[in-house]
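Residue strings, one per chain:
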Amino acid sequence: VRFAYLPKHLRVKIQNGYALLNNDILTLNKINAFVGKMPVFINGKISDVNSNPLVDLYINAKPTQEFFDQFYNNKTVYPLKLKGDMNCTAQVHGTQQKLNTKIDLKLNEDSSLYYMGATIGDLVSPVNIHADTILTPNSVRINNFRYDKLISSLNNKQNPNTQVTASGYIEKISDTNVKF
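K.L.:
Hey, could you run me through the pattern of salt bridges in this one?
P.N.:
A side chain with one charge may pair with a side chain of the opposite charge, provided their charged atoms come close. Following the criterion strictly, the structure yields seven salt bridges and no others. Measuring nitrogen to oxygen at the nearest pair gives 3.7 Å for the salt bridge that ties D85 to K62. Of this pair, D85 sits in the loop between β6 (81-83) and β7 (86-94) while K62 sits in the loop between β5 (54-61) and α1 (65-71), and the two are 23 residues apart along the sequence. For D85, a relative accessible area of 34% puts it in the partly exposed group. Between K179 and E171 there is a salt bridge whose closest N-O contact spans 3.6 Å.

Dropping the structure here:
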């Protein structure tokens, strides 16, 4: 199955898996697809699709530079640049009014994400970034944010070495102001 999402000029190609719409529950079972050139795996369900959708999804994707160029860089002065391989895994649960997310971003060694002089990643070691958040239309609660560098031991076992942890709350109070 192939289709285009015209507002974003996005090509979607579903390789395999199945979707079943039963009354107001959409079940997505092991969907393997390409969003542009980015491979995506989706498994889960969306309940109450006709009024106030409740999502319960597992999503795995491997973002590409083309994806960043199409959805982020075309609206910014300073582009986001991806070098190497990145894998993103997300567990998403909730409604549009309150969405719980648990996201793991894995950058292989010699991979990085670059923006305005800042780089996430490492030349020698893989990096894992974990974010446990609650999103509402006007706020983000960060329950846990962790940046781990994976250090190899003498027997080549990788052990996480936490570099940064954070938690907190960000609220939009107007179009130009936020509070922490």
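After presenting the structure, the write-up continues.
K.L.:
I tried to follow the packing of aromatic side chains on my own but got confused; where do I start?
P.N.:
Each aromatic ring pair is described using two quantities: the centre-to-centre distance and the angle formed by the ring planes. Within this structure, the stated rule accounts for four aromatic pairs. With a centroid separation of 6.1 Å and 70° between ring planes, the pair formed by F41 and Y58 is classed as edge-to-face. Separated by 17 residues along the polypeptide, F41 in strand β4 (residues 38-47) and Y58 in strand β5 bring together distant segments of the chain. The class of F41 is partly exposed, set by a relative accessible area of 24%. Using a relative accessible area of 30% as the deciding quantity, one classes Y58 as partly exposed. With 5.1 Å between their ring centres and 45° between their planes, F67 and F71 make a pair best called tilted. Here F71 and F67 lie together in helix α1, a separation of four residues that amounts to about one turn. Overall, the relative accessible area of 22% leaves F71 in the partly exposed class. Each member of the aromatic cluster is reached from another via a ring pair, and the members are F67, F68 and F71.

K.L.:
Whenever I open this one, the nonpolar core confuses me. Can you help?
P.N.:
Ranked by size, the top nonpolar core spans ten residues in total: F68, L80, L82, M86, L105, L107, L113, V127, I129 and Y147. Listed by contribution, the elements that provide at least two residues to this core are β8 (99-107) and β11 (127-136). Here L105 is in contact with M86, N87, C88, V127, N128 and I129, once residues within four sequence places are set aside. Counting eight residues, the second largest nonpolar core, distinct from the first, contains I31, A33, V55 and V92.

The rules behind these values
- Residues numbered from 1 in each chain as written.
- Predicted model: local features only at pLDDT ≥ 70, side-chain atom pairs only at ≥ 80, totals over all residues.
- Heavy atoms only, no water.
- Salt bridge = Lys/Arg side-chain N within 4 Å of Asp/Glu carboxyl O.
- Helix = DSSP H or I, 4+ residues; strand = E, 2+ residues; numbered from the N terminus.
- Buried < 20%, exposed > 50% of the residue type's maximum accessible area, 1.4 Å probe, protein only.
- Phe/Tyr/Trp six-rings, centres within 6.5 Å; stacked < 30°, edge-to-face > 60°.
- Core = buried A, V, L, I, M, F, W, Y, C linked by side-chain atoms within 4.5 Å.
- Contact = heavy atoms within 4.5 Å.

All we've got here are geometric facts, nothing functional implied.
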